[in-house]
Amino acid sequence: MAAPKQTSDATFEADVLKNDKPVLVDFWAPWCGPCRAVAPILEEIANEHGDKLEIVKLNTDENPQTAAKYGITGIPTMNVYVKGEVVKTLVGALPKPRLVKELDDFIG
């Protein structure tokens, strides 16, 4: 099983903005219950669709600059980036069928 990659303020540009594939960034924190609920769903999506969509996680407690830059005020927030631009934002712990439906443009 491929766990989603961890990114940071220092590596965000290389991991996300310069990635050739669409990238879903999960903005999360260890103390956030809904974040923990969505984590295994994102792992499943990474395993099933990792060839089309990269999934990375950003701990907002440890990387406040990137979270602030993208206006992340509530977590979990998931942004999808294509060629360095945010093309979709999903907020909250969504069930897998809804997440897959929301990501269909990128994994379909």
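In case you missed it, the structure is sitting above this.
## Points about the pairing of strand β4 (residues 77-82)
For step 1, the next point in the chain: The element β4 is extensively covered by neighbouring structure, given that 5 of its 6 residues are classed as buried.
For step 2, the next point in the chain: Here strand β2 (residues 23-28) runs beside β4; their pairing, made up of 5 bridges, is antiparallel. Across the sheet, residue Asp26 finds its bridge partner in β4, namely Met78.
For step 3, the next point in the chain: Bridge analysis of β4 against strand β5 (residues 85-91) gives 6 bridges, and the strand direction is antiparallel. Within the sheet, the bridge partner assigned to Asn79 lies in β5 and is Thr89.
For step 4, the next point in the chain: Taken together, β4 and the strand that follows it, β5, pair antiparallel across an intervening segment of 2 residues, in which Lys83 is found at a positive phi of about 50 degrees.

## Notes on the environment of Pro34
For step 1, the next point in the chain: Looking at the secondary structure, you find Pro34 in helix α2 (residues 33-49).
For step 2, the next point in the chain: By relative accessible area, which is 41% here, Pro34 ends up partly exposed.
For step 3, the next point in the chain: On a C-alpha basis, the gap between Pro34 and Asn79 in space is 16 Å, while along the polypeptide they are 45 residues apart.
For step 4, the next point in the chain: Ignoring any residue separated from it by four or fewer positions in sequence, one finds Pro34 in contact with Pro76 and Ala93.

## A few points about the pairing of strand β3 (residues 54-59)
For step 1, the next point in the chain: Across the 6 residues of β3, 5 count as buried, placing the element largely inside the fold.
For step 2, the next point in the chain: Pairing analysis gives 3 bridges linking strand β1 (residues 5-7) to β3, with the strands arranged parallel. Among the inter-strand pairings, Thr7 is bridged to a residue of β3, identified as Leu58.
For step 3, the next point in the chain: With 6 bridges connecting them, β2 and β3 associate as parallel partners. Its bridge partner being in β3, Trp28 is matched across the sheet by Asn59.
For step 4, the next point in the chain: At this point the chain moves from β2, through α2, to the parallel β3, and the crossover so formed is right-handed.

## Some details on the sheet that holds β1
For step 1, the next point in the chain: With mixed pairing, the 5 strands of this open sheet are ordered in space as β1-β3-β2-β4-β5. For this open sheet the edge positions go to β1 and β5, each flanked by a neighbour on one side alone. If you compare each strand with its neighbour and ignore which way they point, the axes differ by 30 degrees on average.

## Considerations on the packing of aromatic side chains
For step 1, the next point in the chain: All chains considered together, the criterion is met by 3 aromatic pairs.
For step 2, the next point in the chain: Centre to centre, the rings of Phe12 and Tyr81 are 5.6 Å apart; their planes meet at 80 degrees, and the pair counts as edge-to-face. Here Phe12 is found in helix α1 (residues 12-17), whereas its partner Tyr81 is found in strand β4, with 69 residues between them in sequence.
For step 3, the next point in the chain: Overall, Phe12 belongs to the buried group, its relative accessible area being 4%.
For step 4, the next point in the chain: The exposure class of Tyr81 is buried, given its relative accessible area of 0%.
For step 5, the next point in the chain: Between the aromatic rings of Tyr70 and Tyr81, the centroid separation amounts to 5.2 Å while the plane-to-plane angle is 85 degrees, which identifies the pairing as edge-to-face. Taken together, the residues span a long stretch of sequence, with Tyr70 in the loop between α3 (64-69) and β4 and Tyr81 in strand β4 at a distance of 11 residues.
For step 6, the next point in the chain: An aromatic cluster of at least three residues, connected via ring pairs, comprises Phe12, Tyr70 and Tyr81.
For step 7, the next point in the chain: Above the ring of Trp28, the side-chain terminus of Lys57 is found at 5.0 Å from the ring centroid.

What counts and what doesn't
- Residues numbered from 1 in each chain as written.
- Predicted model: local features only at pLDDT ≥ 70, side-chain atom pairs only at ≥ 80, totals over all residues.
- Heavy atoms only, no water.
- Buried < 20%, exposed > 50% of the residue type's maximum accessible area, 1.4 Å probe, protein only.
- Helix = DSSP H or I, 4+ residues; strand = E, 2+ residues; numbered from the N terminus.
- Pairing = 2+ DSSP bridges.
- Contact = heavy atoms within 4.5 Å.
- Right-handed = clockwise from strand over helix to strand, strands pointing away.
- Axes fitted to C-alpha atoms, helices over the stretch in contact; angles between N-to-C directions.
- Phe/Tyr/Trp six-rings, centres within 6.5 Å; stacked < 30°, edge-to-face > 60°.
- Lys NZ or Arg CZ within 6 Å of the ring centre and 35° of its normal.

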